[in-house]
Amino acid sequence: QVQLVESGGGLVQPGGSLRLSCAASGSIFSINGMGWYRQAPGKERELVAGISSGGSTNYADSVKGRFTISRDNAKNTVYLQMNSLKPEDTGVYYCNAATYSGPSWGQGTQVTVSS
């Protein structure tokens, strides 16, 4: 019963920045943690960044130092600030919410870093 809507994707040159947003609605109280995943063409979906209900974060090694996940509880929104983007960051980025009844997924937003 949690609805997630991603936004902020687009086309950017290498070295550029994007900020993705994930707006959550519905049974917000049921969310334990949230994260951003991405799936590049021909690759498996991977966890990019996660944030727990307590505020702790974790990142994939490939994005450490470049990406930052944050959450604004007042707006029920999770963000992914992406800096120093590389062509290998290209993919569909999905917002995920871990709920007591299982995961909820957004529709995805395309991020393309040109080379």
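Being a predicted model, the structure only gives us computed values, none of them experimental.

1. Observations regarding the overall build of the protein chain
So, point 1. Check the secondary structure of the protein chain and you find zero helices and 11 strands.
So, point 2. Helices and strands appear in the protein chain in the N-to-C order β-β-β-β-β-β-β-β-β-β-β.
So, point 3. By the compact-globule yardstick of 13 Å for 115 residues, the protein chain fits well, its C-alpha radius of gyration being 13 Å.
So, point 4. With the principal axes as the frame, the protein chain shows a C-alpha extent of 40 × 25 × 25 Å.
So, point 5. For the protein chain, with 115 residues in total, the buried portion stands at 42%.
So, point 6. Contacts spanning at least 24 positions in sequence make up 53% of the contacts within the protein chain whose residues lie at least 6 apart.
So, point 7. In the form shown here, the protein chain has an accessible surface area of approximately 6,000 Å², with 48% of it arising from carbon and sulfur atoms.
So, point 8. Averaging the coordinates of the 9 positive side-chain charges in the protein chain and doing the same for the 7 negative ones gives two points 4 Å apart.

2. Thoughts on the state of the cysteines
So, point 1. The tally for this structure, following the rule as stated, stands at one disulfide.
So, point 2. One disulfide in the model links Cys 22 with Cys 95; its S-S distance is 2.1 Å. Here the disulfide of Cys 22 and Cys 95 is left-handed, its torsion about the S-S bond being about -85 degrees. Remark: Cys 95 occurs in strand β9 (residues 91-99) and Cys 22 occurs in strand β3 (residues 18-26); sequence separation between them is 73 residues.
So, point 3. Judged by relative accessible area, which is 0%, Cys 22 ranks as buried.
So, point 4. Residue Cys 95 is classed as buried on the basis of its relative accessible area of 0%.

3. Considerations on the pairing of strand β8 (residues 77-82)
So, point 1. In terms of burial, β8 is largely enclosed, as five of its six residues are buried.
So, point 2. As defined by bridge partners, strand β7 (residues 67-72) adjoins β8 across six bridges and the pair is classed as antiparallel. Across the sheet, the residue bridging to Thr 68 is Gln 81, located in β8.
So, point 3. Hairpin connection between β7 and β8: a loop of four residues separates the two successive antiparallel strands, and Asn 76 in this loop has a positive phi of roughly 50 degrees.

4. Things to note about the sheet that holds strand β1 (residues 2-7)
So, point 1. Reading across from one edge, β1-β3-β8-β7 is the order of the four strands in this open sheet, with antiparallel pairing throughout. Strand pairing shows two members of the sheet lacking a second neighbour, β1 and β7, which therefore form its edges. Direction aside, neighbouring strands of the sheet carry axes that sit 15 degrees apart on average.

5. What about the pattern of salt bridges?
So, point 1. Inspection of the entire model under this criterion finds four salt bridges.
So, point 2. In this structure, Glu 46 engages Arg 38 in a salt bridge whose closest nitrogen and oxygen atoms are separated by 2.8 Å.
So, point 3. Classification of Glu 46 as partly exposed rests on a relative accessible area of 33%.
So, point 4. The class of Arg 38 is buried, set by a relative accessible area of 6%.
So, point 5. A salt bridge links Asp 89 to Arg 38, with the shortest nitrogen-to-oxygen separation between them at 2.9 Å. Of the two residues, Asp 89 sits in the loop between β8 and β9 while Arg 38 sits in strand β4 (residues 31-39), which places them 51 residues apart along the sequence. Of the two residues, Asp 89 and Arg 38, neither departs from the other in class, the shared state being buried.
So, point 6. Here the residues in one salt-bridge network are Arg 38, Glu 46, Arg 66 and Asp 89, joined through shared partners.

Cut-off values and rules
- Residues numbered from 1 in each chain as written.
- Predicted model: local features only at pLDDT ≥ 70, side-chain atom pairs only at ≥ 80, totals over all residues.
- Heavy atoms only, no water.
- Helix = DSSP H or I, 4+ residues; strand = E, 2+ residues; numbered from the N terminus.
- Rg over C-alpha atoms; globule rule 2.2 N^0.38 Å.
- Buried < 20%, exposed > 50% of the residue type's maximum accessible area, 1.4 Å probe, protein only.
- Contact = heavy atoms within 4.5 Å.
- Areas by Shrake-Rupley, 256 points an atom, 1.4 Å probe, with all protein chains shown as cover.
- Lys, Arg positive; Asp, Glu negative; His and termini not counted.
- Charge placed at Lys NZ, Arg CZ, Asp CG, Glu CD.
- Disulfide = S-S within 2.5 Å.
- Pairing = 2+ DSSP bridges.
- Axes fitted to C-alpha atoms, helices over the stretch in contact; angles between N-to-C directions.
- Salt bridge = Lys/Arg side-chain N within 4 Å of Asp/Glu carboxyl O.

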